[in-house]
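Close look at the chain arrangement
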Amino acid sequence: MSSERDSETTFDEDSQPNDEVVPYSDDDTEDELDSRQPGVESEQTQTNRGTEESRETLRKDCSWQVKANDQHFHEQPQFKRTILLCFKKSKYAGNAIKTYKYNPITFLPLNLFEQFKRAANFYFLVLLILQAIPQISTLSWYTTLVPLLLVLGITAVKDLVDDIARHRMDNEVNNRTCEVIRDGRFKNTKWKDIKVGDIIRLKKNTFVPADILLLSSSEPNSLCYVETAELDGETNLKFKMALEVTDKYLQEESAMADFNGLIECEEPNNRLDKFTGTLFWRNMSYALDADKILLRGCKVRNTDFCHGVVIFAGADTKIMKNSGKTKFKRTKIDSLMNYMVYTIFLVLILLSAGLAIGHTYWEQQIGNSSWYLYDAEDYSPPYRGFLNFWGYIIVLNTMVPISLYVSVEVIRLGQSYFINWDLQMYYSEKDTAAKARTTTLNEQLGQIHYIFSDKTGTLTQNIMTFKKCCINGQRYGDCRDGAGQLPSHPEQVDFSWNMYADGKFLFYDHYLIEQIKSRKDPEIQKFFLLLAICHTVMVDVSDGQINYQAASPDEGALVTAARNFGYVFLSRTQNTITISEMGIEKTYDVLAILDFNSDRKRMSVIVRESNGNIRLYCKGADTVIYERLHPRNVKREATEEALDVFANETLRTLCLCYRDISDDEFEAWNKKFMEASVATTNRDEALDKVYEEIEKNLILLGATAIEDKLQDGVPETISKLSKADIKIWVLTGDKKETAENIGFSCELLTDETTICYGEDISALLQTRLENQRNRAGSSTHSSLRMNEPFFQGSRDRALIITGSWLNEILLEKKKKKKKLKLKFPRTAEEKQKQTEKRRKAEAYKEQQQKNFVDLACECKAVICCRVTPKQKAMVVELVKKYKKAITLAIGDGANDVNMIKSKAAVRLLSVGNISSGSSSTISSLFLFVEKTLPSVSLPTLTFLASLLPSMPALSLYEETLYEMLPTLELESVAKKGCRLSCQATTLLGNSATSRDCCWSTDDGPTLGCASF
Amino acid sequence: MLVSWSASEGFAPQEAEARPSRCPDNSAFKQQRLPAWKPQLTIATVLSTFFLTGAFCLSVGICLILSANSVREIQVYKCSDCSKLRENSYNWNIECLCSVDFKLKEDMLGDVFMYYGLQNFYQNHRRYVISRSDAQLLGRDVNRSYCAPFTTYNNGTPMAPCGAIANSMFNDTIDLFYNFNSSVIQVPLLKTGNSWWTDKNVKFRNPQSHNLSSAFAGTARPPYWQKPVYLLDEEDERNNGYINDDFIIWMRVSAFATFRNLYRRISRKRHFADGLPAGNYTFHISYNFPVTKFKGKKYVILSTMVWSGGSNPFLGIAYVVCGAAATLTGFIITAIHLKLRKKKTYFQK
């Protein structure tokens, strides 16, 4: 298999990376991100421990046991853990949540402790203590006490108010009620009394009180719709489906009260989309996955009621596990400020010491014999000098600009309010104003050097529409009349013949409609049948209208297209799917759904047709599909051509194919599938393997092309940003061609741009590395200092690189596990040799990475296509690491979480933030980014600059002012260590808007305004 | 994670559909359109500001220095015999008189002021500065803890006035004689009207009583004093006690270790109607104040006054330095500007 081959290659093998292939799985990106240790070691130890541990891991993986309706089970001693010496506590948390920090007794000590953890407060406390010593005290005691008390008091009051609010909120939440089985009946119970193993009933539009396993619901097949806006910001409904067995037997209250299943699952964690577990009931085991779990914080929608058993309660729930401590992000100004304060403090000490020594000398020479200074104390001059040292520290304490922190805080707070109030950043369509979630990073925005952007949903609107298709090698979708001729003017296809058409669908190819209506071509029928069958879309019928609830907009677009073309998906049950084929209703038995995930990049359904044939329908990314095609696919080339054409039109493509399966083959496979689906360890991998076995020898049907429109104003914004010399990196999972075309359509790339591809720069990097090695000779470190440019000439350059080339270049490949096993060192010598080798490889890798970043930064734009979320994060990390630049990552959340949270300094604008949820509808977001950057930062920076004398920002301030007329040229500021995001071209001076300076391009709209 | 969860966010009921628009107010404050004056700093304005400031400061400074130089002043170092005697504190009550002759080569016209100067006397010492009781000096009988260590005697008798400043009051008496045609004329000196009005009338007041000695009954003079406070000026009731001009002037401590305090003014009568004529003069000094112990020196200074004050060149020098700095900065900025203008690479090609 080609994907296997790819993952097995190591860097000493000289294989060409495949542009088309997405490198490897990154399902466990989060863990890997957290521990950025190179994988070699851990993998090695893992393999060492190998087999004997597999049993243990099984137990370790599924050590969380929940028994329904059995409180005593959870109170067994093995479920206790020691808290304090001999006090034991159940490991199962109660459902009461506690977000407050203080109670009446602990408030004062804890709060004071918290406050004195801040350096500034502690500093004042030390001063206060010094002043309490009469021999030292130089100022009256209240000079420090009063301000300190004031600060402490205000903070304490604020904390108190916050905490009271938290107490109230906790109380409110904990005292909500829901129905829980108690003594065999559903009774209203408070949330805080819900325990693990309880069976609860949830009504429509109520929040889920804990993480529960869905047992049954009022809907057929125990479907249950939930809205997860509170969890991930997505507002589309998601459906959850209960196990068949629980759906069947657990509808009645009495049955539920008798339910005694045992659930074994993983320990509580913060992975919202992952869950593995097994239900043991009536001597059978059933696999559980995330689709059967309702998470706390979700809202039940479109479902009258549903039942579930509590698995995680209270602090164990995924949402609470996610609400971890927010790490305080420090900006450059913060660290600069810290540096300054510490330096000043050091200077203060030195100064005081110097003064004290001087005082000793003076005391010896003059002071001691000055009769008029008699003070009735018989101190020696050195002792007087020592006392004076502390006295000077008190007297000169104002030298340490400790109040600077407060001032900066206040300014930032004010700035964040101005951001929130900014009319230019108000999005009227959604009635949403900008919201600065953090006050600490505002000024950082003005210093952004690199923007990493996702494509879908950020550059584009993420509103998908079916545009074109290729069926059996024949392309459809251009303007054509019924006979296949080009019409004089485009005419919209009339879908009125189809009672299910939604009326919003626009299509211009009458020829395709004729083909469908004529029903001559079985391939076309199969094609649309596949679109109608192979998906995970849910139907929601309201007022006789069919509404589709799709998890991904692509899927929604395809199913909607099929519906308009006469293949209407009507309903689904657990095992069947009903569609209307040109008006004839047919029901297919669904034998298996081979789900989509970012690894597989495809999904399949296996259905039994009415005539008993078993057929697998599969749709997926062209790369993965092409690997699995039957060798004798006649239309392969033609379709490939069509795919290229579509990609050139910046359309998103999917390949469709099918395969007939014999009964025997299916039976054999189904057995394996069943086994894999209840596997307790590595179930996903096992399933993937099983899926792989059946998805082969596929017969190509054709391809679809979906359009994802650009956001409003994207080209303008990008050109402005690039004028400001902000480098834009687009990181996308799309095909290279699609990405390139998107690059052109949003004017990231122009005709003048020289585009470099992976293979070009690979050679460049290789020679550079050779040179460096040769030159470096023995010492490896001197080679790090080479900085000659990679490219000659000043042409615009852009880099388009695929994920696999990225891996090739950055040596980030996964290593074969088998190999590592063999390499396990036996002797100390071998071990040392190996570490030496590894160290060398590390240094080599680091050099290569640095070279790559240097090279990429010479390009005006970088587009990374076919990259996985993990690679996105990796790229951001690389730039942060080697360029020490401030980066901005923009993404719509879902697959960009890694990138956004990977310590990127600014993770301010994800769509989820700007409008709570609805990643699909927000437009012109990117435009807002442009408005945010210059207009926010200039004032902030200058505010801060006027506060912090002698820091770079000040020089920026002065230089800005100084160089303002007639042409504002902020680029020179970059040399000072601070940079601004806007490169102004023409200064309008005191413009009519009464902001002082607005920058604009020659004919474009105002780029940004700043008040000095 | 993207999810930031708090109880308030997590379970807040959905807000009503029909809520007021969240569009920010289009007010001057919120949109940062408040009227403001923000100077446009161009090369012309910046440079002209610097050069004008420089020119102004330089001219003022030069004027001040010139006028300070026109002050006529004579400084006389005091006698050494007595200073030896005073080195030993046991001789404190032995009177020591000395006379210093000097010659004025030119007339000192106008008002002539007589100062005593002290060198190396650290009136600015922190412990010294705070050792006084302003309340006591206002005539109130209050606790004198600020005066430590000169508060009370061991037997409990409070000192009046208390504190280190008062205790170390300058107690020489200086008389000036003019040797005119071999006759010696005492130059008439004014001992009142030398202090600030606010000091004399507001900050210093004697305790209320029918006479001064009874007002200070129950108190004792400071240890280094030779006579109690109510005998500072026995001739003039309004110059006695706390409101004695010499005392008031002493209590106004100096910022530096070398300083001069006004002692007397020449009364412009008869021979001295126009100031001090040129000729030979003699100071008769009753030497009481010991300075050699702390390596100090004393002077007697006669000085005239001009419009800018006494013979202090500091202000003038300060102006000149500032003016020079501003001018220099102006030149530097000009240089930078000329250099940058050539180098500047415009963004637009």
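Residues numbered from 1 in each chain as written. Chains lettered and ligands numbered in written order. Predicted model: local features only at pLDDT ≥ 70, side-chain atom pairs only at ≥ 80, totals over all residues. Heavy atoms only, no water.

Looking at an unreviewed UniProt entry, chain B carries the name Cell cycle control protein, with the source organism given as Anser cygnoides. In its Subcellular location (unreviewed entry) section, the UniProt record describing chain B reads: "Membrane". Checking UniProt for chain B, the heading Sequence similarities (unreviewed entry) contains the comment "Belongs to the CDC50/LEM3 family." (UniProt positions renumbered as here; feature names shortened; annotations may be inferred.)

Describing the overall build of chain B
For chain B, the count of helices and strands is 10 helices and 11 strands. Per-residue burial for chain B yields a buried fraction of 41% across its 349 residues. A separation of at least 24 residues holds for 79% of the contacts in chain B among residues at least 6 apart in sequence. Accessible area for chain B stands at about 19,500 Å²; split by element, carbon and sulfur atoms hold 57% of it. (Helix = DSSP H or I, 4+ residues; strand = E, 2+ residues; numbered from the N terminus. Buried < 20%, exposed > 50% of the residue type's maximum accessible area, 1.4 Å probe, protein only. Contact = heavy atoms within 4.5 Å. Areas by Shrake-Rupley, 256 points an atom, 1.4 Å probe, with all protein chains shown as cover.)

Side note on the overall build of chain A
A count of helices and strands for chain A gives 32 helices and 35 strands. Scored against the burial criterion, the 1012 residues of chain A give a buried share of 53%. Contacts spanning at least 24 positions in sequence make up 70% of the contacts within chain A whose residues lie at least 6 apart. Per element, the accessible surface of chain A, about 45,900 Å² overall, is 53% carbon and sulfur.

Quick look at the sheet that holds strand 1 (residues 64-67) of chain A
Residue and element names in this part refer to chain A. Read from one edge to the other, the open sheet built from four strands follows the order 1-10-11-12, with strand pairing classed as antiparallel. Each end of this open sheet is capped by a strand with a single partner; those strands are strand 1 and strand 12 (284-289). With direction set aside, neighbouring strand axes in the sheet form an average angle of 20 degrees. (Pairing = 2+ DSSP bridges. Axes fitted to C-alpha atoms, helices over the stretch in contact; angles between N-to-C directions.)

Examining unusual backbone geometry
Across the chain, the bulk of peptide bonds are trans and the bulk of non-glycine residues have phi less than zero. Cis geometry marks the peptide bond from Ala160 of chain B to Pro161 of chain B; its omega dihedral reads -10 degrees. Structurally, Pro161 of chain B can be placed in the loop between helix 5 (134-137) and helix 6 (164-167). A positive phi angle is found at Arg282 of chain A, which is not glycine, with a value near 50 degrees. At Asn283 of chain A, a residue that is not glycine, the phi angle is positive and equals roughly 60 degrees. Within the secondary structure, Asn283 of chain A is located in the loop between strand 11 (276-281) and strand 12. On the basis of relative accessibility, which here comes to 82%, the residue Asn283 of chain A falls in the exposed class.

Comments concerning the side chain of Glu581 of chain A
All names here are of chain A. Locating Glu581 in the fold gives a position in strand 22 (residues 576-581). For Glu581, a relative accessible area of 8% puts it in the buried group. In terms of polar contacts, Glu581 uses its side chain to reach the side chain of Tyr588, at 2.5 Å. (Polar contact = N/O pair within 3.5 Å; in protein donor to acceptor, adjacent residues only side chain to side chain.)

Things to note about the packing of aromatic side chains
Residues and elements named next belong to chain A. Summed over all chains, the structure comprises 56 aromatic pairs over all chains. Aromatic pair Tyr379 and Tyr383: ring centres 4.9 Å apart, planes at 70 degrees, arrangement edge-to-face. Judged by centre distance (6.4 Å) and plane angle (25 degrees), the ring pair of Tyr383 and Phe386 falls under stacked. Taken together, the positions of Tyr383 and Phe386, both in helix 13 (residues 381-395) and three residues apart, correspond to about one turn of that helix. According to the relative accessible area criterion, Tyr383 is partly exposed, its value standing at 36%. Sitting over the ring of Phe305, Arg201 keeps its end group 5.5 Å from the ring centre. (Phe/Tyr/Trp six-rings, centres within 6.5 Å; stacked < 30°, edge-to-face > 60°. Lys NZ or Arg CZ within 6 Å of the ring centre and 35° of its normal.)

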